[in-house]
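Analysis of the macromolecular model
So you can see what is in the structure, the chains are spelled out below.
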Amino acid sequence: MSGKSVYFYDKALCLIQQIARNRGKRIRFTHALFDFEIKVSVSFQKSFPHANYSGCLFHLDHNIVKRVKSCGYYKDLLRDHAFYIEISCIMSLPYFPPNEIILYFDALFITLSQKAQQIALWFKINYIQGNEGKEPRYRPTFWSIYDNFFNGYP
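This is a predicted model, so every value here is computed, not measured.

**Some points on the overall build of the protein**
Check the secondary structure of the protein and you find 9 helices and 2 strands. The order of α-helices and β-strands along the protein, N terminus first, is α-β-α-β-α-α-α-α-α-α-α. The principal-axis extents of the C-alpha atoms in the protein amount to approximately 55 × 35 × 30 Å. Per-residue burial for the protein yields a buried fraction of 37% across its 154 residues. The long-range fraction of contacts in the protein, counting pairs at least 24 apart against all pairs at least 6 apart in sequence, stands at 56%. Accessible area for the protein stands at about 9800 Å²; split by element, carbon and sulfur atoms hold 55% of it. A distance of 13 Å separates the average location of the 19 positive side-chain charges in the protein from that of its 12 negative side-chain charges.

Here it is as structure tokens:
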């Protein structure tokens, strides 16, 4: 969608709901997966406040790979098996309970190479703890898939 603002997402969701009402239907979500675009999740949460929301594991991993690329380490990811395993370990954090992720992260961090620590530190700031008194962009409760297995969500 062009524009990609909360206003336009709100308008689109309102229009979709209106079309459904005109057809005698009501849209209800029990759970929704998001691609880590904050504006979309804000609009959905306003329109469907009682649904459960979580981040999509594929998109979380995609964001990690994008970070690897932006740091200039993509060739290392493809050619250096040890570095590939380190990044894969960071990508495995969503499989743990949200309240335990920081413990596993800290245990993992001290074992990582300097390159992998750079990626892990970015991940910690944006997805686990935040930085300098700021919250992370996405809390572990949003992207951990641990509970999804027990609730029957994808």
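Picking up after the structure, the text goes on.
**Considering the pattern of salt bridges**
Scanning all chains against the criterion turns up 4 salt bridges. Note that Asp76 is salt-bridged to Lys115, the shortest N-O span being 3.2 Å. Taken together, the residues span a long stretch of sequence, with Asp76 in helix α4 (residues 74-79) and Lys115 in helix α7 (residues 114-128) at a distance of 39 residues. For Lys124, the salt bridge goes to Asp106, with nearest N and O atoms at 4.0 Å. Of this pair, Lys124 sits in helix α7 while Asp106 sits in helix α6 (residues 101-109); the two residues are 18 residues apart in sequence, bridging distant segments of the chain.

**Structural notes on helix α3 (residues 57-70)**
With 14 residues, α3 extends 20 Å between its outermost C-alpha atoms, agreeing within 8% with the 20 Å of an ideal straight helix rising 1.5 Å per residue. When α3 is considered as a whole, its buried residues turn out to be Leu57, Leu60, Asn63, Ile64, Val65 and Val68. Taken together, the buried residues of α3 touch β2 (52-55), α4, α5 (81-91), α7 and α8 (140-143). Downstream of α3 by a residue or two, Gly72 has a phi angle that is positive, lying close to 80°.

**Quick notes on the packing of aromatic side chains**
This structure, assessed with the given rule, holds 17 aromatic pairs. Each ring, one from Tyr138 and one from Phe142, has its centre 5.8 Å from the other, and the planes form 20°; the classification is stacked. Side by side, Tyr138 and Phe142 carry an identical accessibility label, which is buried. Taken together, Phe36, Trp122, Phe123, Tyr127, Tyr138, Phe142 and Trp143 form an aromatic cluster joined through their ring pairs. A cation over a ring is seen here: Lys69 above Tyr74, with NZ or CZ 4.7 Å from the ring centre. Cation over ring: Lys115 sits above Tyr73, and NZ or CZ is 5.9 Å from the ring centre.

**Here we look at the packing of α6 against α7**
Any two packed helices are characterised by how steeply their axes cross, that is the angle between the axes, and by the distance between the axes. Two elements in contact, α6 and α7, have axes separated by 11 Å at closest approach and are oriented at 165°. In terms of their interaxial angle, α6 and α7 are classed as roughly antiparallel. As for the relative orientation of α6 and α7, their crossing is left-handed in sense. Along the contact surface, α6 presents Ile101, Ile102, Phe105, Asp106 and Phe109, while α7 presents Gln117, Ala120, Leu121, Lys124 and Ile128. A breakdown of the residues in the contact of α6 with α7 according to their chemical character gives 7 nonpolar, 1 polar and 2 charged.

What counts, and where the lines are drawn
- Residues numbered from 1 in each chain as written.
- Predicted model: local features only at pLDDT ≥ 70, side-chain atom pairs only at ≥ 80, totals over all residues.
- Heavy atoms only, no water.
- Helix = DSSP H or I, 4+ residues; strand = E, 2+ residues; numbered from the N terminus.
- Buried < 20%, exposed > 50% of the residue type's maximum accessible area, 1.4 Å probe, protein only.
- Contact = heavy atoms within 4.5 Å.
- Areas by Shrake-Rupley, 256 points an atom, 1.4 Å probe, with all protein chains shown as cover.
- Lys, Arg positive; Asp, Glu negative; His and termini not counted.
- Charge placed at Lys NZ, Arg CZ, Asp CG, Glu CD.
- Salt bridge = Lys/Arg side-chain N within 4 Å of Asp/Glu carboxyl O.
- Expected span 1.5 Å × (residues − 1).
- Phe/Tyr/Trp six-rings, centres within 6.5 Å; stacked < 30°, edge-to-face > 60°.
- Lys NZ or Arg CZ within 6 Å of the ring centre and 35° of its normal.
- Axes fitted to C-alpha atoms, helices over the stretch in contact; angles between N-to-C directions.
- Parallel < 35°, antiparallel > 145°, perpendicular 65-115°, else oblique.
- Left-handed = near helix turned anticlockwise from the far one by under 90°.
- Nonpolar A, V, L, I, M, F, W, Y, C, P; charged D, E, K, R; others polar.

None of the figures reported here should be taken as evidence of function without further support.
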